[in-house]
Amino acid sequence: MIMEKRMIKKIRKKDTKGLDYIINTYSKKVYFLVNKIIGIYGKEEVEECVSDVFFAVWNDIEQYDEKRGEFSSFIFMKTKYKALDYKRKLDKKHLPVETLQDNISNTITTEDIVIDKECNLEIIKIINNFKEPDKTYFYLRYFMYYKIDEIADKYKTTRSSVENRLYRCRLKIKSVLEGGEINEG
């Protein structure tokens, strides 16, 4: 944690040693997440997107505020949105316009609305207040794109238990965003 804070300061001063540290520390997780989102388009696209993620972290470091969340959350949100931007571009390149429009209009869900750029820092704050295993389940499902069955298998629980916990988490987020209080758990 102390080393990470030093490296963040280095990045803010545009010292590449800070960037090297961040790449070495987070590249596997960033690669994994990008691959989950755009892996079907090939290794080159994934590697290019991963590079762009770290470039975005380098350029946007002033947006990071340690009072509002962990640095890893900042990186993973950058990763998610960069990969989704790539996915939209690649989808347009590979799908006919009518198919793309149908997919967009049919795939907007409550989760898509909840995890919106405008409120992502507030949502991270809410999620970080969840008790375990809710916090882990939520990150795995909505940030790392694990399937519910994968989460249930990994944590030796039932699919129903994971679904119920995720449902309660979404309700808590909705409640807070509509003016409720952030409570522990």
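Small disclaimer: the values here were computed from a predicted structure and weren't measured.

Asker: What should I look at first to understand the packing of aromatic side chains in this one?
Answerer: Aromatic rings considered in pairs are described by the distance between their centres and by the relative angle of their planes. Applying the stated criterion across every chain, the model contains 8 aromatic pairs. Seen from their ring centres, Y64 and F74 are 5.4 Å apart, and the 55 degrees between their planes marks the pair as tilted. Residue Y64 is found in the loop between α3 (43–59) and α4 (71–94), and its partner F74 is found in helix α4; the two are separated by 10 residues along the sequence. Of the two residues examined, Y64 and F74, each falls in the buried class. Judged by centre distance (6.0 Å) and plane angle (80 degrees), the rings of F130 and F138 are edge-to-face. A network of ring pairs unites the aromatic residues Y26, Y64, F71, F74 and F76 as a single cluster. Lying over the aromatic face of W58, K14 brings its terminal NZ or CZ to 4.8 Å of the ring centre. A cation over an aromatic ring shows up here: K36 above the ring of Y146, its NZ or CZ 5.3 Å from the ring centre.

Asker: Even after reading the chapter, I still don't get the nonpolar core, so can you show me in this structure?
Answerer: Among soluble globular proteins, nonpolar side chains are generally buried collectively. Ranked by internal contacts, the top residues of the largest apolar core, which has 49 residues, are V30, V34, F71, I75 and F138. Put simply, the parts of the chain that give this core at least two residues each are α1 (2–12), α2 (16–38), α3, α4, α7 (120–128), α8 (134–142), α9 (148–154) and α10 (159–177). Counting residues per element, this core draws most heavily on α4, which supplies 9 residues. Taken domain by domain, this core gets at least three of its residues from each of domain 1 (1–94) and domain 2 (117–178).

Asker: Help me understand the confidence of the model for the chain, please; the structure alone is not making it clear to me.
Answerer: In low-pLDDT segments, the atomic positions of the prediction should not be examined closely. Averaged over the chain, the pLDDT score is 80; the fraction of residues at 70 or greater is 82%. A low-confidence stretch, residues 96–106 (pLDDT under 50), is modelled with 4 contacts involving residues beyond four sequence positions or located in other chains. Low confidence marks residues 113–118, where pLDDT is under 50. Its contacts with residues over four positions away, or in another chain, come to 14 contacts.

Asker: What exactly am I supposed to notice about α1 here?
Answerer: It helps to recall that an α-helix has 3.6 residues per turn; residues three or four apart then point in one direction. Buried within α1 we find E4, M7, I8 and I11. Take α1 and look down its axis: the buried residues cluster within an arc of 105 degrees, on one side only. Along α1, the residues that are exposed and aim more than 90 degrees away from the buried face are I2 and K9.

Asker: Teacher, can you tell me more about the side chain of S73 here?
Answerer: For S73, the location among the structural elements is in helix α4. In contact with S73, other than residues within four places in its own chain, are I124 and Y139.

Asker: What am I meant to see in α2 here?
Answerer: Taking 1.5 Å per residue, 23 residues should reach 33 Å; α2 reaches only 28 Å between its end C-alpha atoms and comes up short. Inspection of α2 places G18, L19, I22, Y26, V30, L33, V34, I37 and I38 among the buried residues, and these make up the whole buried set. One side-chain oxygen of the residue at the start of α2 lies 2.9 Å from the amide nitrogen of K17, identifying that residue as D15.

Asker: What should I look at first to understand the environment of D20 in this one?
Answerer: Mapping D20 onto the fold places it in helix α2. Between the C-alpha atoms of D20 and F54, which are 34 residues apart in sequence, the distance is 9.7 Å.

Asker: What exactly am I supposed to notice about the packing of α1 against α2 here?
Answerer: Each pair of packed helices can be described by the angle between their axes along with the distance between the axes. Direction vectors running N to C along α1 and α2 enclose 130 degrees, while the axes themselves pass 7 Å from each other. With respect to each other, α1 and α2 are oriented oblique. Note on packing geometry: the crossing formed by α1 with α2 is left-handed. Listed contacts from α2 to M3, E4, M7, K10 and I11 of α1 are K17, G18, L19, Y21, I22 and Y26. Here the contact of α1 with α2 is built from residues that sort into 7 nonpolar, 1 polar and 3 charged.

Cut-off values and rules
- For every chain, the first residue of its written sequence is number 1, and the numbers climb from 1 along that sequence.
- Residue-level local features of this predicted model are given only where pLDDT is at least 70; pairs of side-chain atoms are given and counted only at 80 or more, and the full residue set underlies all totals for whole chains, interfaces and linings.
- By convention in this description, side-chain values take in all heavy atoms of the structure and omit both hydrogens and water.
- Note on ring pairs: Phe, Tyr and Trp rings are taken, using the six-membered ring of Trp, and paired if centres are within 6.5 Å. Classes follow the plane angle, with under 30 degrees stacked, over 60 edge-to-face and the rest tilted.
- Only DSSP runs of H or I reaching four residues or more are called helices, and only runs of E reaching two or more are called strands; each is numbered from the N terminus.
- Note on exposure labels: buried denotes an accessible area under 20% of the residue type's maximum, exposed denotes more than 50%, and partly exposed covers the range between, all computed with a 1.4 Å probe on protein chains only.
- Placement of a charge over a ring requires the Lys NZ or Arg CZ to be within 6 Å of the ring centre, with the centre-to-atom vector within 35 degrees of the ring normal.
- To qualify as a nonpolar core, a set must consist of buried Ala, Val, Leu, Ile, Met, Phe, Trp, Tyr and Cys residues joined through side-chain atoms within 4.5 Å.
- As used throughout, domain bounds are those supplied by an automatic or database domain assignment.
- Looking at any residue, its pLDDT shows the predictor's confidence there, from 0 to 100.
- The criterion used for residue contact is that any of the two residues' heavy atoms lie within 4.5 Å.
- Comment: arc refers to directions from the helix axis out to C-beta atoms.
- Multiplying 1.5 Å by the residue count of a helix minus one yields the expected span of that helix.
- The definition of a polar contact used here is a pair of N or O atoms within 3.5 Å, where within protein one atom must be able to donate a hydrogen and the other to accept one, and adjacent residues in sequence count solely through side-chain atom pairs.
- Between N-to-C directions, angles cover 0 to 180 degrees, with each direction set by a line fitted to C-alpha atoms, over the stretch in contact for helices.
- Under this scheme an angle from 65 to 115 degrees is roughly perpendicular, one under 35 degrees roughly parallel, and one over 145 degrees roughly antiparallel; angles in between are oblique.
- Crossings are assigned a handedness: left-handed for a near helix turned anticlockwise from the far helix by less than a right angle, right-handed for a clockwise turn.
- Any residue that is not Ala, Val, Leu, Ile, Met, Phe, Trp, Tyr, Cys, Pro, Asp, Glu, Lys or Arg is counted as polar, Gly included; the first ten are nonpolar and the last four charged.

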